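# Reading the structure
Spelled out from the first residue to the last, the chains are:
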Amino acid sequence: MDTILVVNAGSSSVKFQVFAVEGEGKLQRLIKGQMDGIGSRPRLRAKGAESDPLADRVYPIESVPDVSAAMSIAGGWLRDELRISPMAVGHRVVHGGPQYERPVLIDHGVVARLERFITLAPLHQPYNLAPIRSLLANFPDLPQVACFDTAFHRTHDAVADYYAIPHQLHAEGVRRYGFHGLSYEYVAKTMPQVAPEIAKGRVIVAHLGSGASMCALKGGRSAESTMGFTALDGLPMGTRPGQLDPGVVLYLLSEKGMAASAVQNFLYRDCGLKGLSGVSNDMRELEISEDPKAKLAIEYFVYRIGLNAGMLAAALQGLDAFVFTAGIGENSVRIRALIVDKLAWLGVTLDPAENSRHARLISGSDSRIPVYVIPTDEELMIARHTLSLLANRPSSSFRQERVS
Ligand code: AMP
């Protein structure tokens, strides 16, 4: 059986999925797993297509010191116990810099170029690259594909990617990139099946998960995003603040005497819903909390989404549809209702019953603009890209390249 392995490596976990390649390039998800607790309490968990448990085991801390070791244990488990030898591996890589506007087949040169973007995404890029390097060293003939969170946004008009700072910094790469691109690309590719005419128009997609951002789609292409140079900007998130006056960072450095690394940690881990509520970064916990600060955090989240929707509608010069996706967007009836309320000035209304049953179309019949819920699937997007790059390689057939 031909399979594709999709890898999403972070600082303390390696998430992976295996897809079977069926006739006509169809992809069927077989396995979902993750090796987490790297450096603390390593644990491998995996489930099959029907959520049937396949593995749940813990490892001594010293046997999984880093991401590469986690990848090698997960890969070994797939190979030795499930007899899965993927024909290719697709990786989620957060930063493709200004150049990469589509996924790329990886070689040593690509890795060297992607290493230059570590300074642009210090908490993600090194961990994304670690399993790539170790697979390249151990399985040099195994095709690997890098799929970027930034690539989908490279269709922005140049003006959307500038900051008002001297050009030299823009040339160095200090510009607005946008993230969650694989999620937006999946939604953009799904929209034509949901609403073919609207898919050609102006759509705002709200990716609301532990990371959150919104994207303005024009004809299925990204025209604007709420995120910028890093994944800190834009909407408030689980632990990140979203839009913040840079003066706050100066205050932390000069008045609070914080080191740059402490500020970085603070902004990525201690702000957002967690910081504002003091209760949790998890929307489910905030929704059931009686704490007034939890209520404030929800109010702030919804308010900022409303504000940013206005900004993106202005970028699009109108709006033909609004789409919710990711953990909160796909699951929270209450947050969706609160956000739709903020869109009332656009003539948007909600159908509460359809919202409660998580229907695909949740707007009221009198709504001027339809509102959809479209579950995202970044891993499937990566698998599709990987397969397509493999198929379009000039000289080789899949089978010749398989690793056995
Ligand atoms: P994601 O990053 O897309 O996996 O989304 C994760 C976030 O979705 C979690 O932190 C939760 O806050 C949120 N979430 C998941 N399910 C629900 C739910 N039923 N109600 C509210 N929030 C949810």
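Residues numbered from 1 in each chain as written. Predicted model: local features only at pLDDT ≥ 70, side-chain atom pairs only at ≥ 80, totals over all residues. Heavy atoms only, no water.

Moving on, we get to the overall build of the protein chain. In terms of helices and strands, the protein chain carries 16 helices and 13 strands. Taking the intrachain contacts of the protein chain between residues at least 6 apart in sequence as the baseline, contacts between residues at least 24 apart amount to 61%. A total accessible area of about 18,400 Å² is found for the protein chain, and carbon and sulfur atoms account for 52% of it. Computing the positive centroid from 42 side-chain charges and the negative centroid from 42, the protein chain places the two 1 Å apart. (Helix = DSSP H or I, 4+ residues; strand = E, 2+ residues; numbered from the N terminus. Contact = heavy atoms within 4.5 Å. Areas by Shrake-Rupley, 256 points an atom, 1.4 Å probe, with all protein chains shown as cover. Lys, Arg positive; Asp, Glu negative; His and termini not counted. Charge placed at Lys NZ, Arg CZ, Asp CG, Glu CD.)

Attention now goes to the nonpolar core. In this structure, Leu114, Ile204, Leu208, Met214, Phe301, Phe322 and Phe324 are the most contacted members of the largest nonpolar core, which totals 57 residues. Among the elements that make up this core, the one with the highest residue count is helix α11 (residues 292–316) (10 residues). Judged by nonpolar contacts, the second largest core, of 26 residues, contains Ile31, Met35, Ala70 and Ala74. (Core = buried A, V, L, I, M, F, W, Y, C linked by side-chain atoms within 4.5 Å. Buried < 20%, exposed > 50% of the residue type's maximum accessible area, 1.4 Å probe, protein only.)

With that out of the way, let us pick up the UniProt feature "binding site: substrate" (unreviewed entry) in the protein chain. According to UniProt, the positions carrying the feature "binding site: substrate" (unreviewed entry) are Arg92. Along the chain, Arg92 falls in strand β6 (residues 88–93). Residue classification places Arg92 among the buried residues on the basis of a relative accessible area of 14%. Residues contacting Arg92, with those up to four places away along its chain left out, are Val7, Asn8, Asn128, Cys147, Asp149, His180, Leu182, Glu378 and Ile382. A polar contact of 2.9 Å, which involves the side chain of Arg92, links it to the side chain of Asp149. (UniProt positions renumbered as here; feature names shortened; annotations may be inferred. Polar contact = N/O pair within 3.5 Å; in protein donor to acceptor, adjacent residues only side chain to side chain.)

This brings us to unusual backbone geometry. At Glu24, a residue that is not glycine, the phi angle is positive and equals roughly 55°. Checked against the element boundaries, Glu24 lands in the loop between β2 (13–21) and β3 (27–36).

This next bit is on the packing of helix α1 (residues 67–81) against helix α3 (residues 125–138). Axes are the key here: two packed helices are described by the angle between their axes and the distance separating the axes. Viewed as axis vectors pointing N to C, α1 and α3 meet at an angle of 55°, and their least axial separation amounts to 8 Å. Compared by their axis directions, α1 and α3 come out oblique. Handedness of the α1/α3 crossing: right-handed. Side by side, α1 and α3 meet where Val67, Ser68 and Met71 of the first sit next to Tyr127, Ala130, Pro131 and Ser134 of the second. (Axes fitted to C-alpha atoms, helices over the stretch in contact; angles between N-to-C directions. Parallel < 35°, antiparallel > 145°, perpendicular 65-115°, else oblique. Left-handed = near helix turned anticlockwise from the far one by under 90°.)

Okay, the environment of Gln144 next. Assignment of secondary structure puts Gln144 in strand β8 (residues 144–148). Put simply, Gln144 and Pro196 are 52 residues apart on the chain and 33 Å apart in space, counted from C-alpha to C-alpha. Beyond its immediate stretch of four places on either side in the chain, Gln144 contacts Val89, His91, Val104, Leu105, Ile106, Pro131, Ile132, Leu135 and Leu136. Of note is the side chain of Gln144, whose polar atom sits 3.2 Å from the backbone oxygen of Ile132.

This part takes up the site of the ligand. Lining the immediate environment of the ligand, one finds Gly209, Ser210, Asp282, Met283, Arg284, Glu287, Ala326, Gly327, Ile328, Asn331 and Ser332. At 3.4 Å, a backbone N or O of Ile328 approaches an oxygen atom of the ligand. Elements represented by at least two residues in the shell around the ligand include exactly α10 (283–288) and α12 (326–331). At 4 residues, α12 tops the list of elements feeding residues into the shell around the ligand. Across the shell around the ligand, the residue classes break down as 3 nonpolar, 5 polar and 3 charged. (Near = heavy atom within 4 Å. Nonpolar A, V, L, I, M, F, W, Y, C, P; charged D, E, K, R; others polar.)

This part covers the pairing of strand β9 (residues 202–208). Most of β9 is tucked away: 6 of the 7 residues are buried. Two strands pair when backbone bridges link them, and β9 and strand β10 (residues 212–218) are joined in this way by 7 bridges, in the antiparallel orientation. Within β10, the position partnered with Val205 by the bridge is Cys215. Taken together, β9 and the strand that follows it, β10, pair antiparallel across an intervening segment of 3 residues. Of the strand pairs in this sheet, β9 and strand β12 (residues 321–325) are connected by 5 bridges, and their pairing is parallel. Within the sheet, the bridge partner assigned to Ile204 lies in β12 and is Phe322. (Pairing = 2+ DSSP bridges.)

Attention now moves to the sheet that holds strand β5 (residues 53–58). A sheet is described by the order of its strands in space; here 8 strands give the open sequence β5-β4-β3-β2-β1-β6-β8-β7, paired in mixed fashion. The sheet is open, and its two edges are formed by β5 and β7 (104–105), each paired on a single side. Relative to β5, strand β4 (residues 43–48) runs antiparallel, the two being bridged by 5 bridges. What sits directly across from Lys47, in β5, is Pro53. Helix-sheet contacts for α1 involve β1 (3–9), β2, β3, β4 and β5, and the interaxial angle to β2 is about 30°. Along the sheet, helix α15 (residues 378–391) contacts β1, β2, β3, β6, β7 and β8; its crossing angle with β6, the most-contacted strand, is approximately 130°.

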